[in-house]
Amino acid sequence: MHCPFCRHPDSRVVDSRTTDDGCSIRRRRQCPDCSRRFTTVETASLMVIKRSGVTEPFSRNKVISGVRKACQGRPVTEDALAQLGQRVEEAVRATGSAELSTHDVGLAILGPLKDLDLVAYLRFASVYQAFDSLEDFEAAVAELRAGAPGPAPAEDCEGSATDAGGRGGDTPGVPAPAVAAD
């Protein structure tokens, strides 16, 4: 590591600490030539291979931006998006691979997004999994209903878990379809 002050080609590590997110290391260094101290931050590079074959560094901001589009108009906070981005980054780094495909990143997004908001999950999945018919949506909804119950309905929302007749749906947390009067 070159000293940023005198450009000496060597330095001595005085202190090392992991950062708050645990994904990088902060090192305090001292130049043996001019004795000045400076800080470096080291991170392991994680590359994403796009469908075109181009590789680019993994970007948590890019994940959040893509998920934000799926969450548009949904009651999802920026803080929740930031937490989702962190969960996705931790999941892809936990694979131990230095290079991942966009497909792998998409799979890592689907799990936390499903926990965050089911409508946003369906929106993201419809693009990511290239839904091309109504049957694809119906299969995804059926899979969601067959799986674990979604988040509990909000207490202050009107008609949150019951239909107009006061009956609940077959699946907890999912409203029953409205019945039209003849």
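As shown above, the structure is provided for reference.
Since we're looking at a predicted model, the values are computed, not measured.

(A) Region of the structure containing the overall build of the chain. The helix and strand inventory of the chain stands at five helices and six strands. Within the chain, the proportion of its 182 residues that are buried is 26%. Taking as baseline every contact in the chain between residues at least 6 positions apart, the subset at least 24 positions apart corresponds to 39%. Roughly 11900 Å² of accessible area belongs to the chain as shown, and the carbon and sulfur atoms make up 51% of that amount.

(B) Here's a closer look at the packing of aromatic side chains. Per the counting criterion, the structure on display carries one aromatic pair. Sitting above the plane of the Phe5 ring, Arg36 keeps its charged end 3.8 Å from the centroid.

(C) Spotlight on the state of the cysteines. Taken as a whole, this structure holds zero disulfides when the rule is applied. The closest cysteine sulfur to the non-disulfide-bonded Cys3 is located on Cys6, 3.8 Å from its own sulfur. Between Cys34, a cysteine without a disulfide, and Cys3, which holds the nearest cysteine sulfur, the sulfur-to-sulfur distance is 3.8 Å. A residue is classified by how much of its surface remains accessible, and Cys34, at 29% relative accessible area, is partly exposed.

(D) Inspection of the sheet that holds strand E4 (residues 47-49) at higher detail. Strands sit in the order E5-E4-E6 across an open sheet of three strands; the sheet is mixed. Of all strands in the sheet, those bounded by a partner on one side alone are strand E5 (55-57) and strand E6 (99-101). Averaged over neighbouring strand pairs, the angle between their axes works out to 35 degrees when direction is ignored. Where E4 and E5 come together, three bridges link them in antiparallel fashion. Following the sheet pairing, Met47 is matched in E5 by Pro57.

(E) Just the sheet that holds strand E2 (residues 24-30), in detail. A sheet is described by the order of its strands in space; here three strands give the open sequence E1-E2-E3, paired in antiparallel fashion. Of all the strands in the sheet, the pair left with one neighbour each is strand E1 (12-18) and strand E3 (37-43). Mean inter-strand twist for the sheet, computed between neighbouring axes without regard to direction, equals 25 degrees. In the sheet, E1 pairs with E2 via six bridges, with the strands oriented antiparallel. Bridge assignment links Arg17 to a residue of E2, and that residue is Arg26.

(F) How the structure looks around the packing of helix H2 (residues 78-94) against helix H3 (residues 102-116). Following both chains from N to C, one finds H2 and H3 inclined at 140 degrees, their axes separated by 9 Å at the closest point. With respect to H3, the axis of H2 lies oblique. Regarding H2 and H3, the two cross each other, and that crossing is right-handed. Within the contact between the two elements, H2 uses Ala80, Leu81, Leu84, Arg87, Val88, Ala91 and Val92 and H3 uses Val105, Ala108, Ile109, Pro112, Leu113, Asp115 and Leu116.

(G) Structural view of unusual backbone geometry. Phi is positive for Arg7, close to 65 degrees, though the residue is something other than glycine. Within the fold, Arg7 resides in the segment before E1. Residue Arg7 is classed as exposed on the basis of its relative accessible area, which comes to 55%. For Ser35, which is not glycine, the phi dihedral falls at a positive 65 degrees. Following the sequence through the fold, Ser35 ends up in the loop between E2 and E3.

About the thresholds
Residues numbered from 1 in each chain as written. Predicted model: local features only at pLDDT ≥ 70, side-chain atom pairs only at ≥ 80, totals over all residues. Heavy atoms only, no water. Helix = DSSP H or I, 4+ residues; strand = E, 2+ residues; numbered from the N terminus. Buried < 20%, exposed > 50% of the residue type's maximum accessible area, 1.4 Å probe, protein only. Contact = heavy atoms within 4.5 Å. Areas by Shrake-Rupley, 256 points an atom, 1.4 Å probe, with all protein chains shown as cover. Phe/Tyr/Trp six-rings, centres within 6.5 Å; stacked < 30°, edge-to-face > 60°. Lys NZ or Arg CZ within 6 Å of the ring centre and 35° of its normal. Disulfide = S-S within 2.5 Å. Pairing = 2+ DSSP bridges. Axes fitted to C-alpha atoms, helices over the stretch in contact; angles between N-to-C directions. Parallel < 35°, antiparallel > 145°, perpendicular 65-115°, else oblique. Left-handed = near helix turned anticlockwise from the far one by under 90°.

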